[in-house]
Amino acid sequence: MMSQPTVPQLFWVEVAPFVVLCIWALAIILADLFLPAERRRVALPLGFLGVVLIAYLSIQAFEIPGNPFGGMLTLDTFAFFCIVVILVGGGLTILISPRYVQREHIPHGEYTALLLFAMLGMILLAVSNELITLLLSLEILSLSLYILTGIERHNPRSSEAALKYFLLGAFSTAFLIMGIAFLYGATGSTFLVTIAERLPAAGQQSALWVFVGFGLILAGFCFKLALAPLHMWAPDVYEGAPTPITAFIATGSKVAGFAALWHVVMSLADWQAMTQNTFYVLWIIAVFSMVIGNFAAIVQKNIKRLLAYSSIAHSGYILITILVIASVPAVRTNATQALLYYLMAYMLMNLLAFGVAIACGRKGDSNIEHYAGLARTSPLLAAAMALAMLSLTGVPPTVGFVGKFYIFSAAIQAGYLELAIIGLLASVVSAVYYLRVIVVMYMHEPSREAAETAREPVGAANSLALLVSSVMIILLGIFPFWFLGLK
Amino acid sequence: MLDYVWLVPFLPGCAALVIGLFGKWLRTRSGYVAIAAMLGTIVVSLGCFWDILHGKGPFTQHLFTWISVGEFKAEAALLVDQLSVVMLLVVSVVGSLVFIYSTGYMKGERGYARYFAQLSLFAFSMFLLVLADNFVLMFIGWEGVGLCSYLLIGYYMDKTWAADAGRKAFIVNRIGDFGFLLAIFLIFWTSGTLTFSGVFDQAPVIYKYGGGVVTAITLLLFMGAVGKSAQIPLFIWLPDAMAGPTPVSALIHAATMVTAGVYMVVRCNVLYSLAPTSMEIVAIIGAATAFIAASIGITQRDIKRVLAYSTISQLGYMFLALGVGAFAAGIFHIFTHAFFKGCLFLCAGCVIHAMAGDNDMFHMGGMRKQMKITWLTYFAATLAISGFPLTAGFFSKDEILWATFRSGHLILWLVGLVAAFMTAFYMFRSLFLTFHGESRAPEKIKAHIHEMPRSMTFPLVVLAFFSLVAGFFSIPKVLKGSAWFEHFLHPVTNRGAEILHELHVADPTPHVPELELLLMGASTLIVLLGIAAAYAVYIKGWPEIPKAWAQRFGVFYKLSFHKWWWDDLYNSTFVQGTIRLAKAAWQFDIFVIDGVINGTAFMVRSVASRLRKLQTGQLQAYGVGMLIGINLIVLLFLLTR
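My aim in this report is to walk through the structure given alongside it, one point at a time. (Residues numbered from 1 in each chain as written. Chains lettered and ligands numbered in written order. Predicted model: local features only at pLDDT ≥ 70, side-chain atom pairs only at ≥ 80, totals over all residues. Heavy atoms only, no water.)

### Re the overall build of chain A
Item 1. In terms of regular secondary structure, chain A is built from 22 helices and zero strands.
Item 2. For chain A, contacts bridging at least 24 residues in sequence account for 80% of all contacts bridging at least 6.
Item 3. By element, 70% of the accessible surface of chain A is carried by carbon and sulfur atoms, the whole surface being about 17,700 Å². (Helix = DSSP H or I, 4+ residues; strand = E, 2+ residues; numbered from the N terminus. Contact = heavy atoms within 4.5 Å. Areas by Shrake-Rupley, 256 points an atom, 1.4 Å probe, with all protein chains shown as cover.)

### What about the overall build of chain B?
Item 1. On a plain count of helices and strands, chain B comes out with 27 helices and two strands.
Item 2. In chain B, buried positions account for 56% of the 641 residues.
Item 3. Across chain B, every contact between residues at least 6 apart in sequence was considered, and the portion connecting residues at least 24 apart equals 81%.
Item 4. Carbon and sulfur atoms provide 70% of the accessible area of chain B, an area that totals close to 26,400 Å². (Buried < 20%, exposed > 50% of the residue type's maximum accessible area, 1.4 Å probe, protein only.)

### Some details on the interface of chain A and chain B
Item 1. Listed as interface residues are 47 residues of chain A and, on the opposing side, 30 residues of chain B.
Item 2. Per-residue buried area on chain A facing chain B is highest for Met232(A), Phe295(A) and Val299(A); these three make up 17% of the total on that side.
Item 3. Counting the contacts that link chain A with chain B gives zero salt bridges.
Item 4. Applying the counting criterion to the chain A and chain B interface returns one residue pair in polar contact (both at pLDDT 80 or more).
Item 5. With 11 residues, helix H10 (residues 204–224) of chain A is the single largest residue contributor to the side of chain A that touches chain B. (Buried area = accessible area lost by both parts, 1.4 Å probe. Salt bridge = Lys/Arg side-chain N within 4 Å of Asp/Glu carboxyl O. Polar contact = N/O pair within 3.5 Å; in protein donor to acceptor, adjacent residues only side chain to side chain.)

### Quick word on the nonpolar core
Item 1. Ranked by internal contacts, the top residues of the largest apolar core, which has 216 residues, are Phe135(B), Leu221(B) and Leu271(B).
Item 2. Here this core gets 20 residues from one element, more than from any other, and that element is helix H15 (residues 327–354) of chain B.
Item 3. Sequence-distant contacts of Phe135(B), defined by excluding residues within four places in its chain, comprise Phe180(B), Ile184(B), Ile187(B), Leu194(B), Phe196(B), Val199(B), Phe200(B), Leu221(B) and Cys268(B).
Item 4. Listed in part, the 200 residues of the second largest apolar core include Leu216(A), Ala219(A), Trp271(A) and Ile318(A). (Core = buried A, V, L, I, M, F, W, Y, C linked by side-chain atoms within 4.5 Å.)

### Comments concerning the environment of Phe345(B)
Residues and elements named next belong to chain B.
Item 1. Note on placement: Phe345 falls in helix H15.
Item 2. For the pair Phe345 and Thr246, spaced 99 residues apart in sequence, the C-alpha separation works out to 6.7 Å.
Item 3. Excluding residues that lie within four positions of it along the chain, Phe345 makes contacts with Met242, Thr246, Ser249, Ala250, His253, Ala254, Lys304, Leu307, Ala308 and Thr311.

### As for helix H19 (residues 417–443) of chain A
Item 1. Over its 27 residues, H19(A) runs 38 Å from end to end, which matches the ideal 39 Å to within 8%, given 1.5 Å per residue.
Item 2. For H19(A), the principal kink sits at Ala431(A) and spans about 30°. (Expected span 1.5 Å × (residues − 1). Bend = angle between axes of the 7 residues up to and from the residue.)

### Focus on the side chain of Asp81(B)
Residues and elements named next belong to chain B.
Item 1. Positionally, Asp81 belongs in the loop between strand E2 (72–80) and helix H3 (82–105).
Item 2. Side-chain polar atoms of Asp81 contact the side chain of Arg267, separated by 2.8 Å.
Item 3. In this structure, Asp81 is in contact with Ile52, Pro58, Arg267 and Val492, ignoring residues within four places of it in sequence.

### With respect to unusual backbone geometry
The general pattern is negative phi for most residues beyond glycine and trans for most peptide bonds.
Item 1. Of note, the amide linkage connecting Ala228(A) to Pro229(A) takes the cis form, showing an omega dihedral of 5°.
Item 2. Residue placement: Pro229(A) occurs in the loop between H10 and helix H11 (233–240).
Item 3. Cis geometry is adopted by the peptide bond preceding Pro233(B), which originates at Ile232(B) and carries an omega value of 5°.
Item 4. You can see Pro233(B) is positioned in the loop between helix H8 (212–228) and helix H9 (237–240).

### Examining helix H20 (residues 454–469) of chain B
For the α-helix, the turn length of 3.6 residues means that residues three or four positions removed from each other point alike.
Item 1. Taking 1.5 Å of rise per residue, 16 residues should cover 22 Å, and H20(B) covers 22 Å from first to last C-alpha, within 8% of that figure.
Item 2. Of the positions making up H20(B), those classed as buried are Met456(B), Thr457(B), Pro459(B), Leu460(B), Val462(B), Leu463(B), Ala464(B) and Ser467(B).

### Things to note about the packing of aromatic side chains
Residues and elements named next belong to chain B.
Item 1. Applying the stated criterion across every chain yields a total of 53 aromatic pairs over all chains.
Item 2. Between the aromatic rings of Phe405 and Trp413, the centroid separation amounts to 5.1 Å while the plane-to-plane angle is 70°, which identifies the pairing as edge-to-face. There is no split in this pair, since Phe405 and Trp413 are both buried.
Item 3. Connected via pairs of aromatic rings, a cluster forms that spans Phe49, Phe332, Phe335, Phe339, Phe465, Phe466, Phe473, Trp484, Phe485 and Phe488.
Item 4. Against the face of Phe362 rests Arg301, its NZ or CZ located 4.5 Å from the ring centre.
Item 5. Over the face of the ring belonging to Trp375 we find Arg368, whose NZ or CZ atom lies 6.0 Å from the ring centre. (Phe/Tyr/Trp six-rings, centres within 6.5 Å; stacked < 30°, edge-to-face > 60°. Lys NZ or Arg CZ within 6 Å of the ring centre and 35° of its normal.)

### A closer look at a nonpolar patch on the surface
Item 1. Residues Met1(B), Tyr4(B), Trp6(B), Phe10(B), Val43(B) and Leu63(B) make up a contiguous nonpolar surface patch of about 570 Å² in total accessible area.
Item 2. Relative to the helices and strands, Leu63(B) is located in strand E1 (residues 59–69). (Patch = residues over 30% accessible without salt bridge, like charges linked within 9 Å, V, L, I, M, F, W, Y side chains within 5 Å.)

### Focus: the environment of Phe200(B)
Residues and elements named next belong to chain B.
Item 1. Along the chain, the position of Phe200 falls in helix H7 (residues 196–206).
Item 2. Sequence separation of Phe200 and Cys268 is 68 residues, and the distance between their C-alpha atoms is 7.7 Å.
Item 3. Setting aside residues up to four positions removed in sequence, Phe200 forms contacts with Phe135, Arg267, Cys268, Val270, Leu271 and Arg495.

### So, the packing of helix H1 (residues 7–26) of chain B against helix H2 (residues 29–53) of chain B
Residue and element names in this part refer to chain B.
Item 1. It is the contact of H1 with H2, at a shortest axis distance of 9 Å, that shows an interaxial angle of 175°. Regarding the angle of H1 to H2, the classification is roughly antiparallel. Across the interface between the two elements, Leu7, Val8, Leu11, Pro12, Ala15, Ile19, Trp25 and Leu26 of H1 pack against Arg29, Ser30, Val33, Ala34, Ala37, Met38, Gly40, Thr41, Val44 and Ser45 of H2.
Item 2. Looking at the contact of H1 with H2, its residues break down into 13 nonpolar, four polar and one charged. (Axes fitted to C-alpha atoms, helices over the stretch in contact; angles between N-to-C directions. Parallel < 35°, antiparallel > 145°, perpendicular 65-115°, else oblique. Nonpolar A, V, L, I, M, F, W, Y, C, P; charged D, E, K, R; others polar.)

### Quick notes on the side chain of Lys224(A)
All names here are of chain A.
Item 1. Position of Lys224 among the secondary structure elements: in helix H10.
Item 2. Here Lys224 is buried and forms no salt bridge, its nearest opposite-charge partner Glu139 lying at an N-O distance of 5.4 Å.
Item 3. Setting aside chain neighbours within four positions, we find Lys224 in contact with Leu138, Ser142, Tyr146 and Trp233. (Lys, Arg positive; Asp, Glu negative; His and termini not counted.)

### What to know about the pattern of salt bridges
Pairing between side chains of opposite charge can happen when their charged atoms approach one another.
Residue and element names in this part refer to chain A.
Item 1. For the structure on display, the rule yields 17 salt bridges over all chains.
Item 2. Where Glu239 meets Arg157, a salt bridge forms, and the shortest distance between an N and an O atom there is 2.6 Å. Remark: Arg157 occurs in helix H8 (residues 156–187) and Glu239 occurs in helix H11; sequence separation between them is 82 residues.
Item 3. Glu445 is paired through a salt bridge with Arg376; the nearest N and O atoms lie 3.5 Å apart. In this pair, Glu445 sits in the loop between H19 and helix H20 (448–452) while Arg376 sits in helix H16 (residues 374–377), placing the two residues 69 residues apart along the sequence. One exposure class covers both Glu445 and Arg376, and it is exposed.
Item 4. Among the charged side chains, a salt-bridge network with shared partners connects Arg157, Glu160, Lys164, Asp236, Glu239 and Arg305.

Following this line, the structure appears as structure tokens:
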């Protein structure tokens, strides 16, 4: 059944963040063409300016809830929070980039523009309320990230990572599209709202297709979110990609992915055919991710691989909230708050860790052993890294503690006591490898060459990013309601 | 001004942060930052006092909700009422004076900025403790002051004795804190809330008068108070705490932090009134501490230790007051004690400075000639602490003794009276030994003795002035006064009595003015006797009589000089026992726990390295893995639906 093709009403203010971000990114590419080579460094500051502008426009756009583009996007409070997190993450990523981009001779204009396109995909993903839009946003995001991963053309690891990411990503997208097709076939719509409305009327036969469709969509998301058992690309890609891009993949794309998954799950959760058992698969994925991520991280020697596994584990923690939201309506509000808070927390602590990794990394080298004695050679960087590690472990008074507290208390309220226990045990295991980084920094002697060679300066932008994220990690850890009270 | 009460903890908190972060750059300027913050708190405290005086309040300021899970809610909220505003004034005024004094005393010390950062942090925690509107926030402040006390006792951290003293204070306090924490759990468990108003409003309904629960709660709370306020049996940390810089002793270990236990019990007077057994225990512990500490003070040679024992003894008086239901009198004694004890400690600091770091009073003598101001202020404060008529200590101590007598605790009254005699004796002993007679200092040091700079004498004069006149805030009715202080505190401190009145258990004893006058006369006489005895022994009979007495009353002398062997008792039982237990546990740890842990770690590592084998880096393998994974997800989904 086709709806009448009407011209949807469009309010400029509602779509401004998306349109302007797109134009801004294009403008940066164009400007890069015409600028002399030595002036091209202006792209990154311009990109940061763009993020600030989009943040302003988003606040305007979300003043009143709306559904622009004929209901394909939804501007609700949940999406607003996700966009806040994504924009903060994007802004911080740009701030930690300049030194790295300079050092590795990455073209400034393309880098910035692709970063902005990826961000566009993310914020669209967070607001998309329709499956085709969702798919397109996901592709905008993914394609930008594939290129960004391989943007160090002279570095074979970078290219290898990009190829792996691209092929496996395309593979998973195929399943996502299949899933969307099944859902469309069963309900005759790609709008999540309409799907939710038509589900109760779906017969036995179509119900099966809905399940298959949702299963495939879930599998697609599992890939994007690096959840076990579809996590295998993550360590290789994280290691090979330029470090700021790794940070961005680890944070921004996860936030956007969870936002979209939330929208999909919410449209199905109230269907009576979905019982608590239905979501058991989420339980299994969460446990697998927490266990595999945390255990595999223990033996890692490379900080980027370590953080890759840790991000798998954290995806597992976050998935608990999705499980609770989907299966226990009574705890939905609490779990959604926990989800939003943890996304913010996760982004801050990861960006801090990656920011330090960039600040102390040397060309093509991110072995943990190089942090030996960092506390002696650069105490502030060591302190920042220690803060990030403590927060990732979940030590108060950091955001990591409060975030885990919210997630596990939501799980307990929803009756998933065993899940909370497994999660807590998993985070105990995680302490092993997080604290090892601190031990190396504070208790090992610096190697002779590290002590002799002067480290290059951190740079103002990166310092600012480290300062902002450190302060926010502590402040939001002490005053969690500042963030959740935004709405 | 009440709306600005958040500034009170905020200002010193900021100062601590700024000095902590930029201390290296601020250097000596850090003292001024800290003082500016404290002066700001005086202004705000006075403003709050003014508002409360004019009938505004009690006032609660909600800052933010820290944690809220189901029933449990931890709010950061500040409560200003008559009780907390009095404490605010004491802490801010005495605190500011000590801060000012410290700029002189700590001049040229290593870690000058660290000192002021920690002192500001202390002020922040103390204000938090006093202003807290619930048990959680109070506990945070409580732990905060404990931490700062630990840090500042161990200020000279490269000295073993200082580090040991800090550790001793911390560990002994932990024992008390454990009780406090249990009490908080018990309160939450039984009442479902932790705000003061919530607990106290419900208390008469949910706790039976004299019932087991409320008795347990109050005793556990008192355990916390015993630790913090250095009462028997946990008082042993306070004398050692004198290892810290003297201004710290004045502020933390005399005027403010150690009174936190008293403050907390008064805050919970509703609960205590419902638990007569606990009240009785509080009174007995208080009186016993007042007596024992005073008896130890008589023979100590170290001037700071004398003052430390006198602090313990005076705190004992405060608890005696609380135990017999005279909550306002206890707070009044905090108020006056803060001035004269602060003054005494700061004077002692000047003396020690002049003596180039020697604390032994038997090396001093005759210092009044060179140090006029110090001598006069020490004299004034000594009069006050001894309870000389019309000084501050006279009014506050007499009120306590009178309340004890009136409530029918005749024995405790007698104990208190004897302790008062001893107080007058040992305080004048310290005065005479330090400032009178001939100097016993070596020539080199004698030439060095001089009056201290303004920054140090100014606080002395202010505190001495208050030691003399602070008592006039509460002249008892029998002396044609208005007992203003008691009236002011009445809304807070009388809640327990009101509840008892409603429950018809209190029997207000009739007030007999003549008797009160008589007792007042008796205690005055006792004080004069103590002074006279000290004069006879240490001015007239010096040096023969003290020596002769020490020999004649050898047993008592040894008992007192060795502090009743409390420390030795603890050392041979708890400390050695713990060490032995620790050694046994260590063995257990090595063989059993480590075995398990290492085994687990080995297993974890082997699992982890197996997992790593899956990560081949081959794209095809990943593709197959993904395919299997996707199929599993869809299959599981279909199977479990």
